[in-house]
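# Observations on the three-dimensional arrangement
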Amino acid sequence: SDHIFYSVVCSPTVVTECNENSYMNSVCYKMTDQLQQISNFTPNFEDCTKKMVNLVFLFDGSQSMLENEFNKNKEFIVDVMESLKNTSIKFAAVQFSSDTRTVFTFNDYTEGKAHTLLKKEKHMRRLTNTYSALKFVLEQHFENTKSGASPEATKVLVVITDGDPTESDTGIVDIYDSKKIIRFVIGVKQVSLDKVKTIASEPKDKNAFQIENYDGLTGVLENFQKKIFLTEGSTAALAGDLKEEMSQTGFSSVFNKDTLILGSVGSNTWRGSLHERRQQRETHIKDPQMEEDSYMGYSVSVGERQKVSLYFAGAPRFNHTGQVVLFTAAGNNWTTTQRINGDQIGSYFGAEVCSVDVNSDGNTDFLLVGAPLFYQAQEKREGQIYVYLELMNKLNVTAPSMGRFGTTISSLADLNGDELRDVAVGAPMENENKGAVYIYLGDRRRGIRNTYMFPEHRCKIMGEKFQPGLRFFGQAIDGSIDLDDDGLPDIVVGSRGSAVVLRSRPVFNVVAHLSFEPNEISTEDFDCVTKSEESFPMITLSVCFVMVETTTRTVSGGLNISYVLDVDPMRQTFRAFFSESDVKSRNFTSTNELRPGETCFNHSIHMPKCVKDTLSPVGIKLNFSQDDSETAAAVLNIDSKGQALVEVPFEKKCRTNDICISELEVDFNFMTPVLLVAERNYFNVTMRLSNHGDDAYNTSLTMHYPPGLSFSMMSLAKVNITYILSKHVLYSPV
């Protein structure tokens, strides 16, 4: 084949250091099917760049300060600039008292004039109008490009003061907050820290310092330099609005034909996003309504309807109940077209999403959503999956136990040959964290079969069966591959430190058919007069099985099938049996190997000489199952009916349309013409019952006699094809 098959493996937790900040990015590797690396790339990678910082020193020049203390201010400013001179920080300085005066601008610093101008600066010696000075710095320096300010730079203000403000705040601090200007405040001597702390930016406790005298400026220099140095990092990080620094792109991933879609759970202050990569073109997909800390991209799945691509993204922490977002393409843009919300706080609804094209016609039919922390306290169950048809809830499947059922959901290739895709659900913490995987057969109307009505349609695979020490079996599942090219799908299940390959087996449908000879039971040999315990052959029963493979692989072996035959299973009295010498042998069990095609077995069924009920047919029921399904090379399809039923009729001698019309006649006479009432005297009556028409079934003869007589005995005198002659003896006790 000219096709080259490859896979992409991503590690979303690659930590990179950036100016003492830690970024959480991703690296992905393109691999061959032999696990050889083709290339690697870093999607959505946030480069560590030193962003420009504009820093203004606003230092106190009020009259409460001695001359040597004023010079300590200037020395501190020089020390900070010297320690950070090889960075991307530009400095400016402003002295404030009753008035505010620029000492040097950003342009002066860039031109190397800052030290000279600072040295020449005279002490103003007046009041402490701090808030007016803040306004001056904002207008004349931070927002004045003529002074050398960079509009995109991080803005930092360092305030050094030894006196409480002598004026009220006119709202300038709120303006600084809105513009996200970082403020550090150093209070000296008897200044009220609580008053000057209001000027500092958040967190105020860490951005406001207090020292006893100006000699203490040297002591805070090292710690202060580190804080200033960190401002070269991300502007967004300092402002509390992360972009891609913690994106963890590749936390989830899926292919949409030749396009790779990666989930970025940490993008935009953990709102999350999707990252689409096709060849060298990359596209970010965001939901403008997504809230912070929602983790959208925690899971991702792709689908298609009417040749329009669909992207499903899970946001398990949205509003604490979770949400799934559907994106559809409109030209080259992706828009949010629908949302599904979870219904239990903390359930992590959307931690897994899986689209299913159940009939493989190219159109997505169902969406399965996992909520692995969905909890049912009374039943002590954990985990639930939701099945949606056109995003309308059709079915909820709850975990049978604790274990985070629904952590993973995978659409599987057709396992049982019914031309419908099946589904696997992982519960990696079930059975004391050993893990389990549940297999559900596909269903055209419901997505997966209803296991409440048909529990046999669910298969549970325990991780401990493969290796005693296996942990978290089911934390990842893929079931759309054929690793050994045998024409049968395989399922790969991930666990901690290892993967388990589950190979599917050929599946056969078996249909059973019962037939018999002769086609009815002859009644000519019946004899109820002699009360003989002999039996005679009733029919020869043929049990035929037709075995057809439903999967695509041709195998030479067969199936070991056990079957049970029951004669008249619903009747208490027996009319037929399998052993000529054992009238109680009403069932028969056999195990045989079936081969593809038809296989038949014959059985003789016997009947007693006297059968009273010849109207109801004799029922024969067959039940069959696979004898060694756990170890066999092929398996019986659970959709095989597993039973067959046939009814064997008795012959009917009817003249028209198989409907018997009998003509019964009864006659009797007294063998003793006179009844003598005496002790121990007997009175004999002969009765004759004749049928001049068709066979009569369930015929009964009732005789009534006076209360003074007692019934003694009856004897059958003569039987022929047309009548029954019986002699009745009545006893007179008087």
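No experiment lies behind these values; they were computed from the predicted model shown. Position labels on residues start from 1 in each chain and follow its written sequence. Reporting in this predicted model follows two pLDDT cut-offs: at least 70 for local features of residues, and 80 or more for side-chain atom pairs to be given and counted; totals over whole chains, interfaces and linings ignore these cut-offs and use all residues. Excluding hydrogens and water, the side-chain figures rest on all heavy atoms present in the structure.

When helices and strands are counted, the chain shows 11 helices and 42 strands. Buried means the residue's accessible area, taken with a 1.4 Å probe over protein chains only, is under 20% of the maximum for its type, while exposed means over 50%, and partly exposed covers the values in between. In the chain, buried positions account for 48% of the 734 residues. In what follows, residue pairs with any heavy atoms lying within 4.5 Å of each other are defined as contacts. Expressed as a percentage of contacts within the chain between residues at least 6 apart in sequence, the contacts between residues at least 24 apart total 61%. For the chain, the exposed surface amounts to about 37500 Å²; the carbon and sulfur share of it is 49%. Labels follow the DSSP assignment, with helices taken as runs of H or I lasting at least four residues and strands as runs of E lasting at least two, numbered in each case from the N terminus. A 1.4 Å probe and the Shrake-Rupley method give the accessible areas. Residues count as covered only by the protein chains that appear here.

For the rest of this paragraph, the subject is the packing of aromatic side chains. For any two aromatic rings, the description comes down to two numbers: the centre-to-centre distance and the angle of the planes. Each aromatic pair joins two rings of Phe, Tyr and Trp (for Trp, the six-membered one) with centres within 6.5 Å, and gets the label stacked for planes under 30 degrees apart, edge-to-face for over 60, and tilted for any other angle. Applying the stated criterion across every chain, the model contains 20 aromatic pairs. On the basis of an interplanar angle of 75° and a centroid distance of 6.5 Å, the ring pair of F142 and Y176 is categorised as edge-to-face. Note that F142 is positioned in helix α4 (residues 130-142) and Y176 in helix α5 (residues 172-178), a separation of 34 residues in sequence. Like F142, the residue Y176 is buried in the burial classification. Consider the rings of Y386 and Y388, whose centres lie 6.4 Å apart with planes at 15°: the pair is stacked.

A few words now on the nonpolar core. Membership of the largest hydrophobic core comes to 36 residues, with the highest contact counts inside it found for F545 and L622. For this core, the secondary-structure elements that each account for two or more residues are β31 (507-517), β32 (535-549), β33 (559-567), β35 (597-608), β36 (618-626) and β38 (643-648). Broken down by element, this core gets its largest block of residues, seven residues, from β32. Once you skip the residues sitting within four places of it in the chain, F545 turns out to touch V510, V511, A512, Y563, L594, G597, E598, T599, F601, L622 and F624. What makes a nonpolar core is a set of buried Ala, Val, Leu, Ile, Met, Phe, Trp, Tyr and Cys residues whose side-chain atoms join them at distances within 4.5 Å.

For the rest of this paragraph, the subject is the state of the cysteines. Where two cysteines share a covalent bond between their sulfur atoms, that bond is called a disulfide. Any pair of cysteine sulfurs within 2.5 Å is marked as a disulfide. One pass over the structure, following the stated rule, counts three disulfides. Across a sulfur-sulfur distance of 2.1 Å, C544 and C600 are joined as a disulfide pair. Classification of the bridge connecting C544 and C600 rests on its S-S torsion, roughly 110°, and on that basis the disulfide is right-handed. Note that C544 is positioned in strand β32 and C600 in strand β35, a separation of 56 residues in sequence. Here C654 pairs with C660 through a disulfide, and the sulfurs are 1.6 Å apart. On the S-S bond that ties C654 to C660, the torsion sits near -50°, and the link is left-handed.

Here we come to the sheet that holds strand β11 (residues 259-264). Ordered in space as β10-β11-β12-β13, the four strands form an open sheet in which the pairing is antiparallel. Since the sheet does not close on itself, it has two edges, and those belong to β10 (249-256) and β13 (281-285), each with one partner. For this sheet, the mean inter-axis angle between neighbouring strands, taken without regard to orientation, is 25°. Whether two strands pair comes down to DSSP finding at least two bridges between them. In this structure, β11 lies alongside strand β12 (residues 273-278), joined through five bridges in antiparallel fashion. Pairing of L262 across the sheet is with H275, part of β12. For helices, the axis comes from a line fit to the C-alpha atoms of the stretch in contact; other axes are also lines fit to C-alpha atoms, and the angle between any two N-to-C directions lies between 0 and 180 degrees.

For the rest of this paragraph, the subject is a nonpolar patch on the surface. A grouping of Y6, I38 and F255 is seen on the molecular surface, where their side chains present a nonpolar patch of about 270 Å² in accessible area. Tracing the sequence through the fold places F255 in strand β10. Exposure above 30% relative accessible area and no salt bridge define the residues that can form patches, which grow by joining like charges within 9 Å and nonpolar side chains of Val, Leu, Ile, Met, Phe, Trp and Tyr within 5 Å. Any carboxyl oxygen of Asp or Glu that lies within 4 Å of a side-chain nitrogen of Lys or Arg is treated as forming a salt bridge with it.

For a regular strand, side chains alternate in direction, first toward one face of the sheet and then toward the other. Among the five residues in strand β22 (residues 408-412), five count as buried, and that is most of the element. Across the two faces of β22 the burial is the same, with T408, S410 and L412 and I409 and S411 all buried. Note that β22 and strand β23 (residues 422-427) share five bridges and pair antiparallel. When the bridges of β23 are listed, T408 appears paired with G426.

The next subject is the sheet that holds strand β4 (residues 53-60). If you walk across this open sheet you meet the six strands as β6-β5-β4-β7-β8-β9, and the pairing is mixed. The open sheet is flanked by β6 (100-104) and β9 (208-211), the only strands paired with a single partner. Each adjacent strand pair in this sheet contributes to an overall mean axis angle of 20°, direction not counted. Summarising the sheet, β4 and strand β5 (residues 89-96) pair through eight bridges and their orientation is parallel. Within β5, the residue paired with D60 across the bridge is F96.

To estimate the expected span of a helix, count its residues, drop one, and scale the result by 1.5 Å. Compared with an ideal rise of 1.5 Å per residue, which puts 13 residues at 18 Å, α4 spans 17 Å between its outermost C-alpha atoms and is within 8% of the ideal. Taken together, the buried positions of α4 are T130, Y131, A133, L134, V137, L138, H141 and F142. Buried-residue contacts for α4 involve β4, β5, β6, α2 (106-110), β7 (154-161) and α5.

Structurally, the position occupied by G406 is in the loop between β21 (392-398) and β22. Discounting chain neighbours no more than four positions away, the residues touching G406 are E352, G370, P372, I385, V425 and G426.

Tracing the backbone shows H606 in strand β35. Leaving out residues up to four positions away in the same chain, H606 has contacts with S535, F536, P537, M538, R575, A576, F577, F578, S579 and E580.

Turning our attention to the environment of Q289. On the secondary structure map, Q289 appears in the loop between β13 and β14 (299-305). With 18 residues separating them along the chain, Q289 and R271 place their C-alpha atoms 9.4 Å apart. When neighbours within four sequence positions are excluded, Q289 is seen to be in contact with F318 and R339.

The buried fraction of β14 is high, at six of seven residues. Bridge count between β14 and strand β15 (residues 308-315): seven bridges; the pairing is antiparallel. From the neighbouring strand, G303 faces β15, where its bridge partner is L310. Where β14 hands over to β15, the hairpin turn is made up of two residues, of which Q306 adopts a positive phi near 55°.

We now examine the pattern of salt bridges. In this structure the tally under the stated criterion is 25 salt bridges. Taking the shortest distance from any N to any O, the salt bridge between D287 and R339 comes out at 2.6 Å. Taken together, the positions of D287 in the loop between β13 and β14 and R339 in strand β17 (residues 333-341) put the pair 52 residues apart, joining distant regions of the chain. Across the pair D365 and R305 runs a salt bridge whose closest N-O atoms are separated by 3.9 Å. A residue pair is termed long-range when its members are at least 10 positions apart, and D365 in the loop between β18 (352-356) and β19 (366-376) and R305 in strand β14 qualify at 60 residues. Under the relative-accessibility criterion, D365 is labelled buried at 15%. Among the residues examined, R305 registers a relative accessible area of 31% and is labelled partly exposed. One salt-bridge network, in which partners are shared between bridges, spans D568, R571, R575 and D613.

Looking now at the side chain of S495. Relative to the helices and strands, S495 resides in strand β29 (residues 490-495). When neighbours within four sequence positions are excluded, S495 is seen to be in contact with L470, R471, F472, F473 and Q475.

Here we take up the confidence of the model for the chain. In this model, the chain carries an average pLDDT of 85, and 90% of its residues clear a pLDDT of 70 or more. Scored from 0 to 100, pLDDT records how confident the predictor is in each individual residue. Confidence, read as mean pLDDT per element, is least for helix α9 (residues 235-239) in the chain (39) and greatest for β18 (97). Contacts for the low-pLDDT stretch residues 233-240, under 50 throughout, to residues beyond four places or in other chains number 20 contacts.

The linkage connecting E202 with the following residue, P203, adopts the cis geometry, with an omega of -5°. Mapped onto the fold, P203 is located in the loop between α6 (193-197) and α7 (204-207). Note the cis peptide between E517 and P518, where omega equals -10°. Here P518 is to be found in the loop between β31 and β32. Although it is not a glycine, D293 adopts a positive phi angle of roughly 60°. For D293, a relative accessible area of 33% puts it in the partly exposed group.

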